[in-house]
Each structure stands twice: as C-alpha cells, then as structure tokens.
Amino acid sequence: MTQPPAATGSRLLDLPLERTLHAWVQRFGEPRWRGCHVEGWVFESQAARLAAAQQLAAAGVHARFHSAYKPLVQHFMDHVDCTQVVQARVRYPLAAHGPAQRFRLEAYPLAALLGGSILHMEPHDDASGGYHVELELRDGTRTVQHVHAPNRVHTDMTGATVLSPTGWLRVGTQEGAADLIDTAVCTDYEQAFAAAVQAVRSHAWPDHEPYFDRLLLRVDLPGYEQPVGATGETISTLEALHEDLYFTLLEFFQQHSGRPVGDRRLQPGQIVPDVRVGDGAPHVQVDLLPFAACADDLPAHPTAHSPDSLATLAESPAPDRITQALHAWPAQRFSAQSRQGRTVWGQYHAGTQAPVFISAGQHANETSGIVGALRTAEVLQAQPGAHFALIALENPDGYALHRALCARHPGHMHHAARYTALGDDVEYRDHAPLYEREARQTALALSGAQLHVNLHGYPAHEWTRPLSGYVPRGFEQWMLPKGFFLILRYHAGWQQPARALLEAVCARLRQVPGLADFNARQRALYEHHAGPLPFEVLDGIACMQSQTSHDAPVTLITEFPDETVHGDAFRFAHTVQMHTALAAVQAWQDIAMHLPSPRPHFKPNRPLALYR
C-alpha cells in the first residue's frame, strides 16, 4: 500500500560555493607567482578559461586552462583546425576501473568532427595516462601532442570503484613543469554535486515509499553548452550534471528502500534536478516540495492549438493537442488517473482483424512515439475491420515535467521526466494503487490483444554521468546513439511467432525513405567509438530479443534516438515510429491466423472506466 509522503515544503540545503576559476585567478594573481606557469582543468567554457588566462597574463603569470570534461574533444575544438587535418592517430589509455574502453567512448564524437576515415584510435599502456595525438596536416606538417585527462579513483553510490573526470592544477617554474604544484582539485562543479547528494543522504527519510512529492535540486553554476562542429552533438556540463544527480539519487533511494540497484518498482517520489548556467558564484538548493502540477502545466499547455496536422508536427504536442486527436475518432474510451491527477486516455476500436495494443509515452521524455502512435491510429481507424486499443500518452505527469524542463533546455534528454510522479516505471508497477498502470491493463483486457506495440525512444546524443564513472551505470548500451532499432519480448512458447513478426517488420522497414542511410550513419559513428554493435542486424535494423512473463505474449518495442530532437529530425522520428507500428499490425494479421484464439490477459482490479 502506498504510504503518505514525507512532509513537504522544507529546505534541505542552501549553499553558496566559491567559483574555482575565480579562486585560481585571485590566488595566482599575487606577486609571488609572477613568472610561474599555471595549468588547470575545470568544468568551464573556453571563453571563461581564456578570460581567466588573460587576467593572469596581466599579472605576469603564464596560464592555460583546459576542460576537465571531455578533454580530448575539447582540445580539438580549442586548439586544432580540424579542416586542415588529413590524418589523426589517437592513442587512448585503458581504464583500470569501469569499462576498459572508457576513454575511447569519451572521445565521442571525434570521428564525426574529423571524419571517420581520418581518425584512427588504438589503446596504449603508457603509465602517464592521457591521450597521445599524432596529426598530419594538409601542408605536410606533422605534430605530436599529449592531452591530459585528469581523473580520480573513488567509489560511487553503489559502492563500485570508478574513475571519474576531476579538476587538476599544475604549477611550475617553467613551461611544462609541475615542480611547485601537481594535484587533483575538487572543483565547484564537483562540490555542487557532492553537496546536493550529501544533503539528501543525511536527511532523515521515512521507512516507506514514497518519501516525498517532489525533491527539487536547483543548481546554478558557470557551466557551458558548446556545439561540436556540425556533428549535431553539444557538450553540456549542465545536462551531464542533471543526469548524474538524478540517477545517483535513484541509486541512493534504492539502497534506502532495500531494493536492488536498478529496480524500476522504486517509488521515492519525483526527483527533479534543475541545473542552470549562472555567471556568479555557484549555488545549490535542495528542497522538498508539494507537487507543482499547475506550474508544470503552464509551459506544457500553449495558449492555442497547433494548426499542424499530426504528420507535420515538428515538436512534441501539448497534452490537450493529444487529447483533441484522441477524441476526434469514434471509439470506446477508457481512462485512468495519474498520481498527480491527470487523465490517461485510452480508446478501443473493435473490429474483425486480430487485435493489437499500441502505446507510447511510457517514458515521457521519449516523445516521438506519442505522435507515431496517434498517426498509426489515424490510419487504422479509417481501415475496415481494424481492431486495436490505443494509449498515446501513458505517463502524463512525466510528460508535463518534460515540457516544463524543455522550456529552459529544449535539447536535453531530461531523464528526470522519464518515470512517473511516483518515481517508478509504470510498466513494472505491481501493487495498488495502480494509477496509470490501470489504463494498460484495461487496454489488454478489452482488446484481448496478444501483440503489444510499445513505441519508445532513447538519447539522440551522448549520455554521460561524469562524476560517477562517466558511463551511465545500467544503461551502458544506451549512452551513444546507434540508429533506430527494435526490442522483441515474448512469453515462453511464443518465440516462433515473435520471431516471424520481427523479420516481417524489418523487411517492411526497408521501404521507409531515409531510414537505411540514417541507421548506417549512426551505426558507423557508434562503432568507431564503442566497437562492433553487440546486436543482431536484420535488414539494417539492430534487434534485441528476450523472454519475459508479463503483459501481452508478444511485445515489440521501438527505440528511436529522439531525446530530444526538433524540426525535421522529429518529423522523421515519428514517421519511422508510425511505419513500424503499421508494419507490425499488418504482419500480425497473417501470423495470428495460426495462433490460438485470443483471450484476455488481465482481470481489472476494479470496474473499467469506459466512455463513449
């Protein structure tokens, strides 16, 4: 039984911090450092680092400041004219803790910045660490460079030993020397993370979930966001800190609850990191708050409906636009309520064909599937005999939070909005009150569908946890985009029809314009930095398969890299989602002819909420 949350409306932390770069300028600007050489690594922009170096130059100090986050990529953007490079050989260290290829992954997306045929990467065992870079330029010049990559060994929230980027300071009496100072530095960026996490760890939490309505972590600091050439990637220390705070605190509450790491049934409440760039001193606030449904819905609802058709939508639609589309078609309607009181709308179209259940928005920051589901239903409802159930937005609380966060950072992946307001993954909710989960169970019970097409997405750019080992724990295979792919799940005894579905869908997707090239391009970049794709590839579509025991006997999950894309990229994403769902429905009609008669798989816990 869900327990009342902890008292809300209290502040756990209000902490100003000293800006590391400013502290260094003040320290080394003193007369006794005149003539010395200072070299430092911080989590700040090139502009801020250059300004600090110029201030010290005026005091007679030779200073160079580098990025501690993604130092190799930042080195190329700061110091190398990539248009003049004809060959680049990068030798990277093998990590002693965590994935051995960590430093190769951290070099992403250098292959796109330079060109895959130009970049050659291989490991080295040099005890000095860092990257060794050999460049050949168009004019025949050859250079050899060493790029320091400062890291520290520590234990993360799970107790695992990891290697994480950190600040560093070297001071010497001559260039390249560190005869005066050579030490790791806990920068303001790292201090903000540690302080926020410690404030949560030291609080007296209740014994029962959920522990709060909303845990808000507001961090203002001089981070930066810098596009990486024309690669489509952006280096964002703000997004990286958001991700690390969110997942670190999930790990903490999993421990507090006695659950294993990665347990998606955990219901701590809504964890919301709000990381913003600020020019002043860094500042961290941690607050327990009541649900802010009205505040979330303000940016989530525009003043007027978008006039665009579903096919031309260039960004995720407002919730009322989704509801408008759902209520435009004749159907038997059903609903469930979310934790924050929003409605999960569903509809059932009875027909003569084999039934299929189509859903989207389980993970609310994966938005292309929502439009893809609506477009699929738009096609199906016009087909004689079509038989399907639809939930286009399964997690409206997370969706409202996602749109509120996107109002400030539209290109971030925003995993804080991935799960429900309870903090769990709605698919894995296994006890009352079921809230949003009731809608899925109603859809399966009404339709008797033996196939569930579940439209999902994943990050469209690199996903990191820089202060917890860099590679996101439990999501290692998702940290780099690798094209559109499929996940197939099936019950015992259903492997054969499931496999037939997978092969049929992949074959049909060959006809989707642009998809093969899109997948090939993303897969090539992925393999340059992560090695061979560890999945089966059918007709250019990467596929994963596993046996499960819940929901429909066969579930086809789509995964488009859509967190968070806009414009033509978003239109392409929901077009691929639609074509996949339609291909699955069509293929299932032939497969279902050889299956036992469908039967309901759920008995609802209370009478179904039906509407006409």
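Predicted model only: the values in this text are computed from it and were never measured. (Residues numbered from 1 in each chain as written. Predicted model: local features only at pLDDT ≥ 70, side-chain atom pairs only at ≥ 80, totals over all residues. Heavy atoms only, no water.)

## Description of the overall build of the protein
The secondary structure content of the protein amounts to 15 helices and 26 strands. Whereas a compact globule of 612 residues would reach a radius of gyration of roughly 25 Å, the protein reaches 26 Å, a difference of no more than 12%. Out of the 612 residues in the protein, the part that is buried amounts to 59%. Across the protein, the fraction of contacts at a sequence separation of at least 24, relative to all contacts at a separation of at least 6, is 78%. Surface summary for the protein: the accessible area is close to 23400 Å², and the carbon and sulfur share equals 51%. Each charge class in the protein can be summarised by its mean position, and for the 48 positive and 62 negative side chains these summaries are 3 Å apart. (Helix = DSSP H or I, 4+ residues; strand = E, 2+ residues; numbered from the N terminus. Rg over C-alpha atoms; globule rule 2.2 N^0.38 Å. Buried < 20%, exposed > 50% of the residue type's maximum accessible area, 1.4 Å probe, protein only. Contact = heavy atoms within 4.5 Å. Areas by Shrake-Rupley, 256 points an atom, 1.4 Å probe, with all protein chains shown as cover. Lys, Arg positive; Asp, Glu negative; His and termini not counted. Charge placed at Lys NZ, Arg CZ, Asp CG, Glu CD.)

## Considerations on helix 7 (residues 237-257)
Over its 21 residues, helix 7 extends 30 Å from the first C-alpha to the last, a length consistent with the 30 Å expected when each residue adds 1.5 Å. Among the 21 residues of helix 7, 18 are classified as buried, and the element is accordingly described as predominantly covered. Taken from the residues just after helix 7, Gly258 is the one with a positive phi, measuring 85 degrees. (Expected span 1.5 Å × (residues − 1).)

## Quick word on the pattern of salt bridges
Opposite charge on two side chains lets them pair, provided their charged atoms get close. Going through the model one piece at a time under the given rule, you end up with 38 salt bridges. Measuring nitrogen to oxygen at the nearest pair gives 2.6 Å for the salt bridge that ties Glu44 to Arg19. Pair noted here: Glu44 is in the loop between strand 2 (37-42) and helix 2 (46-58) and Arg19 is in the loop between strand 1 (10-16) and helix 1 (20-28), with a separation of 25 residues, a long-range link. Using a relative accessible area of 11% as the deciding quantity, one classes Arg19 as buried. Of the charged contacts in the structure, one is a salt bridge between Asp182 and Arg170, with a shortest N-O distance of 3.4 Å. (Salt bridge = Lys/Arg side-chain N within 4 Å of Asp/Glu carboxyl O.)

## What about the layout of surface pockets?
Taken as a whole, the largest pocket holds about 590 Å³ of empty space. Along the wall of the largest pocket there are 26 residues; nearest its centre are Thr231, Gly232, Glu233, Ala460 and His461. Counting residues per element, the ones that place at least two in the lining of the largest pocket are strand 14 (234-236), helix 14 (515-530), strand 25 (554-563) and helix 15 (568-592). Looking at the lining of the largest pocket element by element, the count peaks at 4 residues for helix 14. Taken together, the residues of the lining of the largest pocket sort by class into 12 nonpolar, 10 polar and 4 charged. (1 Å grid on protein atoms, 1.4 Å probe; cavity = no way out; pocket = protein on both sides within 12 Å on 5 of 7 lines; lining within 4 Å. Points joined across faces, edges and corners; volume = space filled by probe spheres on them. Nonpolar A, V, L, I, M, F, W, Y, C, P; charged D, E, K, R; others polar.)

## Considerations on the nonpolar core
With 94 residues, the main nonpolar core has Phe76, Leu215 and Phe253 as its most contacted residues. Among the elements that take part in this core, helix 7 stands out by supplying 10 residues, more than any other. In contact with Phe253, not counting residues within four places along its chain, are Val200, Trp205, Tyr211, Phe212, Leu215, Leu266, Pro268 and Ile271. (Core = buried A, V, L, I, M, F, W, Y, C linked by side-chain atoms within 4.5 Å.)

## Side note on the packing of aromatic side chains
Applying the stated criterion across every chain, the model contains 22 aromatic pairs. Ring geometry for Phe518 against Phe560: centres 5.2 Å apart, planes inclined by 10 degrees, an arrangement best described as stacked. Residue Phe518 is located in helix 14, and its partner Phe560 is located in strand 25; the two are separated by 42 residues in the primary sequence. The same class applies to Phe518 and to Phe560, which are both buried. Members of the aromatic cluster, connected to one another through ring pairs, are Trp205, Tyr211, Phe212, Phe252 and Phe253. Between Arg102 and the ring centre of Phe103, over which it is positioned, the NZ or CZ distance is 4.4 Å. (Phe/Tyr/Trp six-rings, centres within 6.5 Å; stacked < 30°, edge-to-face > 60°. Lys NZ or Arg CZ within 6 Å of the ring centre and 35° of its normal.)

## As for the pairing of strand 4 (residues 85-93)
Pairing of strand 4 with strand 6 (residues 131-137) involves 6 bridges; the strand directions are antiparallel. Opposite Gln87, over in strand 6, you have Glu136 as the bridge partner. Here strand 4 runs beside strand 5 (residues 119-124); their pairing, made up of 6 bridges, is parallel. What sits directly across from Val90, in strand 5, is Met121. (Pairing = 2+ DSSP bridges.)

## Observations regarding the side chain of Thr248
By the secondary structure assignment, Thr248 is in helix 7. Of note is the side chain of Thr248, whose polar atom sits 2.7 Å from the backbone oxygen of Asp244. Those residues in contact with Thr248, other than ones at most four positions away along the chain, are Met157, Phe193, Val197, Arg465 and Ser468. (Polar contact = N/O pair within 3.5 Å; in protein donor to acceptor, adjacent residues only side chain to side chain.)

## A look at the sheet that holds strand 6
Spatially, the 4 strands line up as an open sheet ordered 5-4-6-7, and their pairing is mixed. A single partner strand is all that each edge strand has here, and the edge strands are strand 5 and strand 7 (142-147). Recorded for the sheet is a direction-independent mean angle of 15 degrees between the axes of neighbouring strands. (Axes fitted to C-alpha atoms, helices over the stretch in contact; angles between N-to-C directions.)

## Let's talk about the sheet that holds strand 2
Taken in spatial order, the 4 strands make up an open sheet running 3-2-10-11, and their pairing is mixed. A single partner strand is all that each edge strand has here, and the edge strands are strand 3 (62-67) and strand 11 (181-185). When the angles between neighbouring strand axes are averaged without regard to direction, this sheet yields 10 degrees. This element, helix 2, spans strand 2 and strand 3 of the sheet and lies at about 165 degrees to strand 3.

## Focus on the packing of helix 1 against helix 2
Packing of helix 1 against helix 2 brings their axes to within 9 Å, and their N-to-C directions diverge by 10 degrees. Viewed along their axes, helix 1 and helix 2 adopt a mutual orientation that is roughly parallel. Along the contact surface, helix 1 presents Leu21, Trp24, Val25 and Phe28, while helix 2 presents Ala48, Arg49, Ala52, Gln55 and Leu56. A class-by-class count of the residues in the contact of helix 1 with helix 2 yields 7 nonpolar, 1 polar and 1 charged. (Parallel < 35°, antiparallel > 145°, perpendicular 65-115°, else oblique.)

## Describing the environment of Cys36
With respect to the helices, strands and loops of the structure, Cys36 is situated in the loop between helix 1 and strand 2. Taking the C-alpha atoms as reference points, Cys36 and Ala177, 141 residues apart in sequence, are found 9.7 Å from one another. Apart from the residues within four sequence positions on either side, Cys36 is in contact with Val61, His62, Val171, Gly172 and Leu180.

## Looking at the environment of Ala48
Inspection of the secondary structure assignment puts Ala48 in helix 2. As a C-alpha pair, Ala48 and Tyr224 span 176 residues in sequence and 9.4 Å in three-dimensional space. Beyond its immediate stretch of four places on either side in the chain, Ala48 contacts Arg19 and Leu21.

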